[in-house]
Amino acid sequence: MDNSAKAYPLAMLWDIFCKVIDNHGDIGVCWRLAVQLAQRGETVRLWVDDAAALEWIAPGQRPPAVQVMPWPAQVGAQPGDVIIEAFGCELEPQFQAAIAGKAGESGRQPAWINLEYLTAESFAERNHRLPSPLLSGPAAGLTRRFFYPGFTAGTGGLLREHDLLRRQSAFDATRWLSAQGIARTEGARRVSLFCYEPAALEPLLAQCARGPGATDLLVTAGRATAAAQAALKRIEAAAPDWNSRGLLSISWLPLLSQPDFDHLLWACDLNFVRGEDSLVRALWAGKPLVWQIYPQGDDAHHGKLDAFLAWLNAPPGLREFHRAWNDIGGELPLADAEAWADCIRNARERLLAQPDLLTQLMRFVVDDLQPTASLPRH
Ligand code: TRH
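Rules behind the numbers
Residues numbered from 1 in each chain as written. Predicted model: local features only at pLDDT ≥ 70, side-chain atom pairs only at ≥ 80, totals over all residues. Heavy atoms only, no water. Disulfide = S-S within 2.5 Å. Near = heavy atom within 4 Å. Polar contact = N/O pair within 3.5 Å; in protein donor to acceptor, adjacent residues only side chain to side chain. Areas by Shrake-Rupley, 256 points an atom, 1.4 Å probe, with all protein chains shown as cover. Helix = DSSP H or I, 4+ residues; strand = E, 2+ residues; numbered from the N terminus. Pairing = 2+ DSSP bridges. Axes fitted to C-alpha atoms, helices over the stretch in contact; angles between N-to-C directions. Contact = heavy atoms within 4.5 Å. Phe/Tyr/Trp six-rings, centres within 6.5 Å; stacked < 30°, edge-to-face > 60°. Buried < 20%, exposed > 50% of the residue type's maximum accessible area, 1.4 Å probe, protein only. Lys NZ or Arg CZ within 6 Å of the ring centre and 35° of its normal. Domains from an automatic or database assignment. Buried area = accessible area lost by both parts, 1.4 Å probe. Salt bridge = Lys/Arg side-chain N within 4 Å of Asp/Glu carboxyl O. Nonpolar A, V, L, I, M, F, W, Y, C, P; charged D, E, K, R; others polar.

We now examine the state of the cysteines. If you walk through the whole model with that rule in mind, you get zero disulfides. Unpaired in terms of disulfides, C89 finds its nearest cysteine sulfur in C18, a separation of 6.9 Å.

If you want it as structure tokens, here you go:
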């Protein structure tokens, strides 16, 4: 069921604030959110401190309803109807003061939302929608609310375009691969690689070279390419004939636009993804997947990974694979994508039965924060 297809034009101005910490997840999620808002008839200002990645994530024509703005905002900038602080980025005092000013004039504060990181841990359900009153600073007395993306009905859900299923069923993998100039080996399984620097990369490459079947490995640009090239160098130095049967073929991909990144995941039989946004996209692709979680210094990501695998009902082999791939422990088992396929397909079905993040966010804004506005009920 695709219950995201209904549009609720609230005709509001949405301000999304994005601080790029590292990698591409922050801007990647914010860009998807902005585009989906525009598709539903909203106007968006995406305030970002470093928009460089948008040059390849969103090349060419962009939705006219989305304006990319430099952040910090220029002096005198006035807030829109909805303010979204993505991933706990703090608004500068000057803009907070402008929000307070607007609230004072109209007698009602703009909807102010703290969009959190994605996690399957139980605190996401507990904290979702909670108010967080501002006790100090220029906006003291106003209230922000937490919005937690998530995998269960008690959370804010996942971003999903209203036309995702239609585009997926019209997708022709062979045509797309040819258009990208990606070589195909007859009968080979196709595997995408988007990762940081997992120690298990060498065993994975060696496993692919051992067979029994052939593998076409499609390596994404950036850190994954650097990590795979370094791993290859080490393997070749230790065993020059490691891929003597030529069972592993590697394509080095350029940076893809976000829509083409999704196409890559749809075109593969097994997807290695990382971080946050690509995990969600791999779930929507519905193909067997392996997730490298964004590592945190205090190993907080271990619990986050366990919570995700528990939600996924991951079979033992997939759990073991994740432990090794995330440098938590154990030897890398066989990447048995066929054995994992049902689990990922089921997860996708469960997610499709839930409202998407933007539908929930728009309801939240109207129901909880703008009591005088009205949203059509379906
Ligand atoms: O780049 P990431 O590792 O981002 C991370 C995580 O989001 C992490 O949770 C966060 O804390 C950290 O950033 C700061 O992985 P992620 O989230 O999958 O984002 C990658 C984005 O880049 C995603 O939107 C897909 C996009 N992308 C392309 O559009 N084209 C490409 O060729 C590639 C490789 C990625």
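Below, the discussion takes up the site of the ligand. For the ligand, the set of nearby residues contains 23 residues, the closest of which are Y196, L256, R274, D277 and S278. The side chain of Q258 places a nitrogen or oxygen atom 3.0 Å from an oxygen atom of the ligand. At 2.8 Å from an oxygen atom of the ligand is found a side-chain nitrogen or oxygen belonging to R274. In isolation the ligand exposes 710 Å². Once the protein is present, 98% of that is buried. Of all the secondary-structure elements, those providing two or more residues to the shell around the ligand are α1 (25-39), α2 (54-57), α9 (258-267) and α10 (277-285).

This part covers the sheet that holds strand β10 (residues 248-252). Ordered by their spatial adjacency, five strands build an open sheet running β10-β9-β8-β11-β12, and the pairing between neighbours is parallel. Of all strands in the sheet, those bounded by a partner on one side alone are β10 and β12 (289-292). This sheet shows a mean twist of 15 degrees between the axes of neighbouring strands, independent of strand direction. Bridge analysis of strand β8 (residues 189-193) against strand β9 (residues 215-219) gives five bridges, and the strand direction is parallel. Looking at β9, one finds that L193 is bridged to V219. Docked against the sheet, helix α7 (residues 201-210) engages β8, β9, β10 and β11 (270-274), running at close to 125 degrees with respect to β10.

This part takes up the environment of D367. For D367, the position within the fold is in helix α14 (residues 357-369). With 161 residues separating them in the primary sequence, D367 and A206 have C-alpha atoms 54 Å apart.

Now for the packing of aromatic side chains. Across all of its chains, the model carries 20 aromatic pairs by this definition. With a centroid separation of 4.4 Å and an interplanar angle of 15 degrees, the aromatic rings of F87 and Y117 are classed as stacked. Here the residue F87 occupies a position in the loop between β4 (82-86) and α3 (93-106), and Y117 occupies one in the loop between β5 (111-115) and α4 (123-127), the gap between them amounting to 30 residues. Geometrically, the ring pair formed by Y196 and Y294 is edge-to-face, given 6.0 Å between the ring centres and 70 degrees between the ring planes. Residue Y196 is found in the loop between β8 and α7, and its partner Y294 is found in the loop between β12 and α11 (300-312); the two are separated by 98 residues along the sequence. You can call Y294 partly exposed: its relative accessible area is 34%. Taken together, the ring pairs connect F17, W47, W71 and F95 into an aromatic cluster. Here the guanidinium or amino end of R144 rests over the ring plane of W112, the centre of that ring lying 5.5 Å away. Here R350 stacks its cationic end above the ring of W311, 4.5 Å away from the centre of that ring.

Further remarks concern the domain arrangement of the chain. Here the domain parsing of the chain yields domain 1 (13-159 + 356-372) and domain 2 (164-352). Each of domain 1 and domain 2 was reduced to a C-alpha centroid, and the two centroids are 31 Å apart. With 20 residues of domain 1 in contact, the opposing surface of domain 2 contributes 24 residues. At the boundary of domain 1 with domain 2, total buried surface from both sides reaches about 1,900 Å², with 57% on carbon and sulfur atoms. Of all residues in domain 1, R32, W56 and F151 bury the most surface against domain 2, accounting for 32% of the area lost on that side. Taken together, the links from domain 1 to domain 2 amount to two salt bridges. Between R32 and D277 there is a salt bridge, and its shortest N-O distance comes to 2.9 Å. For the pair domain 1 and domain 2, the number of links is nine residue pairs in polar contact (both at pLDDT 80 or more). Of all the secondary-structure elements, those providing two or more residues to the side of domain 1 that touches domain 2 are α1 and α2. Of the residues forming the side of domain 1 that touches domain 2, the biggest block, four residues, is contributed by α1. When grouped by side-chain class, the residues that make up the side of domain 1 that touches domain 2 number 12 nonpolar, five polar and three charged.

Note: most residues except glycine have negative phi, and most peptide bonds are trans. Look at the link from W71 to P72: it is a cis peptide, with omega at 5 degrees. Assignment of secondary structure puts P72 in the loop between β3 (66-70) and β4. In this model, G211 is joined to P212 through a cis peptide bond whose omega is 15 degrees. Of note, the phi angle at D299 is positive, near 65 degrees, even though the residue is not glycine. With respect to the helices, strands and loops of the structure, D299 is situated in the loop between β12 and α11. Despite not being glycine, D327 has its phi angle at roughly 55 degrees, a positive value. For D327, the location among the structural elements is in the loop between α12 (316-325) and α13 (337-352). The partly exposed category is assigned to D327, whose relative accessible area is 45%.

Relative to the helices and strands, D277 is located in helix α10. For D277, a relative accessible area of 12% gives the class buried. Once residues lying within four places of it in the same chain are set aside, the contact partners of D277 are V29, R32 and Q258.

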